[in-house]
Structures are given as structure tokens and as C-alpha cells.
Amino acid sequence: MFEWLMESFYSLPVVMQILFKITLIVLPLMLAVAYTTYAERKVIGYIQVRIGPNRVGPRGWLQPIADAVKLLTKEVIVPTNANRFLFLSAPVLAIAPALAAWAVIPFDDGMVLADINAGLLYLLALTSLGVYGIIIAGWASNSKYALLGAMRSAAQIVSYEIAMGFALVGVIMAAGSLNVGQIVMAQEGSIYHWFLLPLFPLFLVYFISGVAETNRAPFDVAEGESEIVAGFHVEYSGMAFAVFFLAEYANMILISALAALLFFGGWLSPFQGIVPESVFAWPLIGWFLDSGIHWFLLKTAFFLFLFLWFRATFPRYRYDQIMRLGWKVLIPVTIVWLFVLGVLIFLKVGPWFA
Amino acid sequence: MTIETVFLMVFALGALTGAVAMFFLRHPMRVALALIGTMVSLAAIYAQLGMHVIAVFQVLVYVGAVMVFMIYAIMLLDVRDRSFTERFSPLLVAGLAGLLLLLGVLVDGLLRGQPFPAVDVPPDAFSVGTFAIVFMEQFWVYFALTAVLLLVAEIAASAVIDIRRRGQDVAAAQAERGNERG
């Protein structure tokens with residue numbers, strides 16, 4: 001049956017094969033985005049000793065579907081004197097890079113849409129494009145709040161991109177490759193081989209920058225409701241607003257997936273090299289303990305939980321504090337650690353660089 | 001005609017259209033977006049030709065960094081400026097003529113059947129490793145010099161703006177004093 005399915009798949013034209021693979025990535029991603037919003041409301045609810053959404057469907061499980069239907073049926077209002085074309089293009093510009101970046105994300109060994117050599121550079125290039133959606137939304141809305149939000153967001157994203165880029169340079173130095181799959185395989189061996197240990201400061205910088213790049217709390221000054229209402233998307237309603245929402249959550253999942261791939265061994269099992277190989281042959285338990293896509297998804301879910309935890313825990317940073325943290329703390333830390341890393345690689349410190 | 005050729009032609013057309021649109025569009029934001037369109041199309045062409053590193057740097061440096069700052073500056077311009085309200089510049093005719101000329105060259109090249117001359121390039125000529133070694137061996141001095149020159153230009157521009165602003169402040173203060181005496 002499986003062989004027949006594979007044969008049928010490979011007999012399709014190449015374009016159809018690619019479209020099918022894209023659908024296989026995008027559909028679960030959209031579902032994950034929808035249920036991340038539900039998880040966010042539930043997690044923050046429990047942290048604040050509330051129940052969270054529990055009315056639509058059993059335990060509120062159908063809440064994201066109800067939200068989607070509501071947003072789809074609401075009117076998209078274009079403000080007076082707004083630049084209509086750019087106003088409607090901005091959400092597309094926000095979500096396109098967030099989805100396109102998934103092309104080079106490997107879910108398991110060899111399970112990747114485009115296995116390109118410069119994968120990490122491609123990711124950096126696409127994450128740098130996400131800012132256009134925000135800038136253009138703010139500018140085209142013909143609203144002072146939106147413009148202020150867009151300016152804040154652009155400055156923040158550009159600032160934190162540098163720290164994130166430097167953190168990723170450390171990963172490239174450690175793995176000796178720009179291919180995301182090869183970076184994961186460079187961490188093979190055991191949990192001690194993961195890049196988390198030698199690159200711990202860079203991991204912290206990467207994740208903090210990731211939270212700032214996605215404009216999430218505590219770095220959400222771009223949409224700080226107490227100051228500028230909702231920032232760059234204040235004038236958006238209906239599906240146009242929902243697309244910004246989708247882009248933000250897709251970016252959150254992307255940052256979490258990258259943290260898992262670059263620092264936590266991706267799909268590699270934490271039990272690899274620790275429990276005897278024979279354990280992996282056990283039915284079910286062996287499959288679970290062995291490396292596979294489930295480890296990648298679990299690690300990604302853990303980092304997504306951190307995003308939600310941060311939002312429920314930290315108060316919003318002031319704008320000047322965000323800038324100071326980015327330029328005066330994170331960037332110097334990464335530069336110093338890149339020198340340390342160079343020395344570690346030169347001295348062939350094991351088990352990572354032996 | 002393979003699908004690669006179709007994509008190549010689509011992106012080539014996108015690059016040309018964006019470039020020509022820059023001639024006749026009036027509003028700075030539209031011009032900047034046209035330039036971004038051209039740059040992204042060029043990156044796509046590089047990627048189609050197998051030069052992934054160059055394609056990525058094209059997007060990363062020009063679209064993701066340089067143009068963001070340009071757009072940032074354009075956002076702060078006065079949108080009520082009357083010159084922006086006219087959709088097209090006086091160079092509309094020249095721009096359209098340029099577009100037709102470029103399209104003519106493209107179509108002519110395609111009709112001749114050899115639009116893209118075959119070049120003997122080693123398979124790893126544009127890999128990250130080769131690119132990095134050539135860059136560090138031959139071009140880093142020029143790169144560093146250009147960076148210093150840009151920095152000097154930025155400081156000079158800031159100084160000029162500061163001097164002009166101070167001059168305007170002094171003139172305004174003198175005018176105010178003159179009014180008080182009068």
C-alpha cells in the first residue's frame with residue numbers, strides 16, 4: 001500500500017509533487033497556529049488562576065475554529081485616505097516570509113522540502129523580510145498610532161536581527177555548515193554533543209532576540225495597547241487582521257523550531273548514546289526513545305510554551321530599555337563568545353570540536 | 001520549454017518591470033517598493049542559476065537591510081507634499097520607451113533561441129566556502145575601506161545637517177529679536 005502510494009506520488013509532475021509537499025507543511029502549520037492561540041489563552045489562564053476558554057466545544061477545543069469563522073466573516077475596513085493597495089498588501093508581505101522560511105526546515109533526517117546548502121542564510125534573509133509587512137501596514141494605514149508602532153517595530157527588528165545573526169554565526173562555526181540538516185547531524189552522539197552546552201550564551205541571545213523579533217511580550221512595544229492602542233495593526237479588522245495574527249504565530253513556531261534544530265539536536269533523541277542501542281528495538285517505547293520527528297515537535301512545543309510563559313510573567317520593557325539590551329548587552333555578549341568559540345575550536349575541545 | 005526557463009523569464013520580466021517603474025512612478029514609497037521588487041526578482045534569478053549564496057546575500061543585504069532604512073526614512077517624509085499626489089513623473093514616456101526597448105531586447109534574445117550564453121563555471125564556484133576564501137583573500141581590504149568611507153560620509157552628513165539646523169536656529173532667534181525691537 002505504502003509503496004503504491006509512493007509510486008503514485010513520484011509519477012505526478014514535479015510541480016504537483018512540490019505543491020503536495022508544500023500543502024503537507026502549510027496545513028499542519030496553520031492548524032498549529034490556530035491551536036497555539038488556544039494554548040496561549042489556556043496557559044496564561046492557568047498561570048493567572050483562571051480556566052481560560054471553555055465554552056465552545058468540549059473544554060473549549062473549538063474556540064480557534066469559532067475565532068477563525070468570526071474573523072473570516074467580518075468586514076475589512078480600509079481607513080479614509082489610506083493607501084488601499086499597500087494597506088491590503090501588508091498582511092500578505094507579513095505572512096509570506098513566515099511561511100516561505102519553512103522550506104528549509106528539516107523535520108527529520110532527510111524530511112525537508114528544499115535541502116539547500118545555504119539554508120541558514122536563507123532563513124536569515126527571509127526573517128529580515130518580515131519587517132516590510134509591519135512597516136507598510138503602519139505607513140499605509142494613515143494613522144499616527146500605526147505609524148508609531150511601525151517605526152518602533154522596524155527599529156526593534158533591525159536591532160535584534162544583528163544579535164540573532166551573530167548568534168547564528170556561532171552555530172555555523174560550531175557545525176561547519178550552513179545546511180540546517182547538517183547542523184543537526186553535527187550534534188549527533190549524545191545529549192552532551194548538542195550545541196546548547198558550548199553555545200549556551202549564544203542560545204540565550206538567540207532566544208531573547210527571537211522573542212524581540214516576533215514582537216512578543218515583554219518586547220511588544222510595537223503594539224503596546226497602553227501607549228499606542230495596537231500599534232501597526234490598529235486599523236486592521238477581519239481577515240486582514242487575522243493574517244497578521246497568523247504571521248506572528250507562524251514566526252513564533254519558526255523561532256521555536258530553529259531553537260530546537262540549532263541548539264537542542266532537532267529530531268535527535270536525548271537518550272541517544274545514553275541508553276543501550278538495544279532499547280531502541282523495543283516496540284513502542286523503543287520508537288519513542290529513538291530519534292525522530294516526535295522529538296523535534298516536543299522540543300518545538302517546549303520553546304513555544306516559553307513564549308507563552310514569558311508573556312504571562314514579564315512586564316513590558318520600555319522602548320529605551322529594549323534598545324539598550326539589544327545594542328549594549330546582547331551584541332557585545334555574542335562578539336565575546338564568538339572569540340571564545342574560536343579558541344575552543346582551535347584547541348579542538350571535545351566532544352563538540354574534537 | 002522547461003519550468004526553470006519559465007520561472008527565469010517571469011523573474012526577468014519582474015526585474016525589468018520594477019526597474020522601469022522606478023522611472024515613472026512619482027511617490028517615493030512606490031519607487032522604493034519597485035526597487036525592492038527588482039532586487040527580489042534578481043535574487044530569484046541568481047537562485048535559478050544555482051548561485052544560492054549570491055541570491056541570499058542580495059536579499060539579506062539589499063532588501064533586508066539597505067531598503068529597510070530607505071523605507072524607514074520615506075515613512076518620515078511629509079506625505080502631503082503636492083509632488084507626491086501626481087501618480088506619474090514627467091519621465092513617464094521615457095520610462096515606457098525604456099520598458100519597450102528592454103522587452104524588445106528580451107524577446108529578440110528569446111526568439112534567437114540562445115538568450116543565455118553558456119558559461120563554463122566550475123560547480124563550486126559560488127559555494128559558501130569558495131566565496132568566503134576569495135572574499136577574504138582578495139576583497140576584504142576594499143570592503144573595509146568602503147565601510148570606513150561610508151562611515152565618514154554618514155558622519156559628514158550628520159554634521160552638515162547639524163550645522164544647517166544651528167544656522168536656522170540662529171536666524172530664527174535673530175528674526176525674533178528684530179521683531180521684539182521693532
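Scope of this entry: the structure provided in the associated data block. All values derive from a computational prediction rather than experimental measurement.

## Looking at the overall build of chain B
Then step 1. Across its full length, chain B carries six helices and zero strands.
Then step 2. N-terminal to C-terminal, the α/β element order of chain B is α-α-α-α-α-α.
Then step 3. Counting every position in chain B, which comprises 182 residues, the buried fraction comes to 23%.
Then step 4. Long-range pairs, those at least 24 residues apart, make up 72% of the contacts in chain B between residues at least 6 apart in sequence.

## Focus: the nonpolar core
One broad trend across soluble globular proteins is that nonpolar side chains are buried collectively.
Then step 1. The biggest cluster of nonpolar side chains holds 113 residues, and the ones touching the most others in it are Trp102, Leu123, Tyr206, Phe207 and Phe263 of chain A.
Then step 2. In terms of residue count, the dominant contributor to this core is helix α10 (residues 238-263) of chain A (17 residues).
Then step 3. Those residues in contact with Phe263 of chain A that lie beyond four places of it in its chain are Val171, Gln187, Trp194, Phe195, Leu196, Leu199, Leu202, Phe203, Tyr206 and Leu258 of chain A.
Then step 4. Core analysis: the second largest hydrophobic core is formed by seven residues, Ala21, Phe24, Leu25 and Ala34 of chain B among them.

## Here's the deal with the packing of helix α2 (residues 14-47) of chain A against α10 of chain A
Residues and elements named next belong to chain A.
Then step 1. The contact between α2 and α10 brings their axes to 9 Å, and the two run at 95°. In terms of orientation, α2 and α10 fall into the roughly perpendicular class. Facing α2, whose interface residues are Leu29, Met30, Ala32, Val33, Thr36, Thr37 and Glu40, α10 presents Phe245, Leu246, Tyr249, Ala250, Met252 and Ile253.

## Observations concerning the interface of chain A and chain B
Then step 1. Across the boundary between the two partners, chain A contributes 24 residues, which contact 24 residues of chain B.
Then step 2. Carbon and sulfur atoms supply 84% of the area that chain A and chain B bury against each other, a total of about 2,000 Å² over both sides.
Then step 3. Taken together, the connections running from chain A to chain B amount to zero salt bridges.
Then step 4. For the interface between chain A and chain B, the tally reads three residue pairs in polar contact (both at pLDDT 80 or more).
Then step 5. Elements that contribute at least two residues to the side of chain A that touches chain B include exactly α5 (119-140) and α6 (144-175) of chain A.
Then step 6. With 11 residues, α5 of chain A is the largest single contributor of residues to the side of chain A that touches chain B.
Then step 7. Of the residues belonging to the side of chain A that touches chain B, the class tally is 21 nonpolar, two polar and one charged.

Thresholds, definitions, all that
- Residues numbered from 1 in each chain as written.
- Chains lettered and ligands numbered in written order.
- Predicted model: local features only at pLDDT ≥ 70, side-chain atom pairs only at ≥ 80, totals over all residues.
- Heavy atoms only, no water.
- Helix = DSSP H or I, 4+ residues; strand = E, 2+ residues; numbered from the N terminus.
- Buried < 20%, exposed > 50% of the residue type's maximum accessible area, 1.4 Å probe, protein only.
- Contact = heavy atoms within 4.5 Å.
- Core = buried A, V, L, I, M, F, W, Y, C linked by side-chain atoms within 4.5 Å.
- Axes fitted to C-alpha atoms, helices over the stretch in contact; angles between N-to-C directions.
- Parallel < 35°, antiparallel > 145°, perpendicular 65-115°, else oblique.
- Buried area = accessible area lost by both parts, 1.4 Å probe.
- Salt bridge = Lys/Arg side-chain N within 4 Å of Asp/Glu carboxyl O.
- Polar contact = N/O pair within 3.5 Å; in protein donor to acceptor, adjacent residues only side chain to side chain.
- Nonpolar A, V, L, I, M, F, W, Y, C, P; charged D, E, K, R; others polar.

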